[in-house]
Amino acid sequence: MSLNPQYEDIGKGFVQQYYAIFDDPANRANVVNFYSATDSFMTFEGHQIQGAPKILEKVQSLSFQKITRVITTVDSQPTFDGGVLINVLGRLQCDEDPPHAFSQVFVLKANAGTFFVAHDIFRLNIHNSA
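Just so you know, these numbers come straight off a predicted model, no measurement behind them.

Conventions and cut-offs
Sequence order sets the numbering: in each chain, residues are counted from 1 along the sequence as written. Given that the model is predicted, a residue must reach a pLDDT of at least 70 before its local features are reported, and side-chain atom pairs must reach 80 or more before they are shown or counted; all residues, however, enter totals for whole chains, interfaces and linings. Note that water and hydrogens are dropped before the side-chain values are worked out from all heavy atoms of the structure. When DSSP finds at least two bridges between two strands, those strands are taken to pair. Comment: elements are numbered from the N terminus, with helices defined as DSSP H or I runs of at least four residues and strands as E runs of at least two. Comment: axis = line fitted to C-alpha atoms, over the contacting stretch for helices; angle = value between 0 and 180 degrees taken between N-to-C directions. The contact criterion used throughout is that any non-hydrogen atoms of two residues lie within 4.5 Å. Remark: exposure states derive from per-residue accessible area (1.4 Å probe, protein chains only) relative to the maximum for the residue type, with buried under 20%, exposed over 50%, and partly exposed in between. UniProt positions are given in the numbering used here, feature names are shortened, and annotations may be inferred rather than shown by experiment. In protein, a polar contact means a hydrogen-donor-capable atom and an acceptor-capable atom, both N or O and within 3.5 Å, with residues adjacent in sequence counting only if both atoms are side-chain atoms; elsewhere, any N or O pair within 3.5 Å suffices. Should a side-chain nitrogen of Lys or Arg be within 4 Å of a carboxyl oxygen of Asp or Glu, the pair is scored as a salt bridge. Multiplying 1.5 Å by the helix residue count minus one yields the expected span of that helix. Taken from the helix axis, the directions to the C-beta atoms give the arc we talk about.

### Focus: the sheet that holds strand 3 (residues 67-78)
Strand order in the open sheet made by the six strands is 2-1-6-5-4-3, with mixed pairing throughout. Taken across any chain shown, the strands that pair with only one partner, and hence form the sheet edges, are strand 2 (47-50) and strand 3. Here the strands of the sheet are splayed against their neighbours by 20° on average, with no regard to which way each runs. Looking at chain direction, strand 1 (residues 41-44) and strand 6 (residues 114-124) are connected through four bridges and run parallel. Bridge pairing links phenylalanine 41 to histidine 119 in strand 6. Lying over the sheet, helix 2 (residues 52-61) contacts strand 1 and strand 2, oriented at roughly 135° with respect to strand 2.

What follows is the structure, given as structure tokens:
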């Protein structure tokens, strides 16, 4: 497989769709459809998870309801297997908590004319200023 020339559009479109679903409490559980039952990995604040069922458990365990998110930048690169590497920087506020910067990295793998999230790393950018 070769590099996907639409990697920028794919990255931006994916991020828009992913966060629209994740940030809607009524639809949040549907983000599981982006992941493979066995071939997806997530690291959420340092916690390692494999497979869509475990990722769904993690998403459903999050206690917040309302998310206000501002995306600062979306950087994408093609991968040599036809996938897309996506790096997202932004700021989010959950419920009434103070807003925090965050970063999230996705690797989308091509699969029969569509993509699934093979890798997802999420981290709040909180620095120890002590």
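### Points about the pairing of strand 4 (residues 84-94)
On strand 4, burial follows the alternation: Val84, Ile86, Val88, Gly90, Leu92 and Cys94 on one face are buried, whereas Leu85, Asn87, Leu89, Arg91 and Gln93 on the facing-out side are not. The antiparallel pairing of strand 3 with strand 4 creates a hairpin that spans five residues between the two strands, and glycine 82 there sits at a positive phi of about 90°. Pairing geometry for strand 4 and strand 5 (residues 100-111), over nine bridges, is antiparallel. Bridge assignment links leucine 92 to a residue of strand 5, and that residue is histidine 100. Linking two consecutive strands that pair antiparallel, namely strand 4 and strand 5, is a turn of five residues; a positive phi of about 50° is found at aspartate 95 within it.

### Description of the UniProt feature "domain: NTF2" (unreviewed entry) in the chain
Within the UniProt annotation, "domain: NTF2" (unreviewed entry) is assigned to residues 10-124. Taken end to end, residues 10-124 comprises 20% helix and 47% strand; its first and last C-alpha atoms sit 24 Å apart.

### Let's talk about the environment of serine 36
By the element assignment, serine 36 lies in the loop between helix 1 (7-22) and strand 1. For the pair serine 36 and alanine 52, spaced 16 residues apart in sequence, the C-alpha separation works out to 5.5 Å. With residues near it in sequence (within four places) discarded, serine 36 still touches Gly51, Ala52, Phe116 and Val117. A polar side-chain atom of serine 36 sits 2.9 Å from the main-chain amide nitrogen of aspartate 39.

### Observations concerning the pattern of salt bridges
All chains considered together, the criterion is met by three salt bridges. Between aspartate 23 and arginine 69 there is a salt bridge, with its nearest N and O atoms 2.5 Å apart. Residue aspartate 23 is found in the loop between helix 1 and strand 1, and its partner arginine 69 is found in strand 3; the two are separated by 46 residues along the sequence. Comparing aspartate 23 with arginine 69 shows no difference in burial state: the two are buried.

### As for helix 1
The terminal C-alpha atoms of helix 1 lie 22 Å apart, and with 16 residues this matches the ideal 22 Å at 1.5 Å per residue to within 8%. Here helix 1 has its buried residues at Ile10, Gly11, Phe14, Val15, Tyr18, Tyr19, Ile21 and Phe22. Seen from one end, helix 1 has its buried residues packed into an arc of 155°, which puts them on one side. Seen from the open side of helix 1, the exposed residues pointing more than 90 degrees away from its buried face are Asp9, Gln16 and Ala20. Buried positions along helix 1 lie against strand 1, helix 2, strand 3, strand 4, strand 5 and strand 6.

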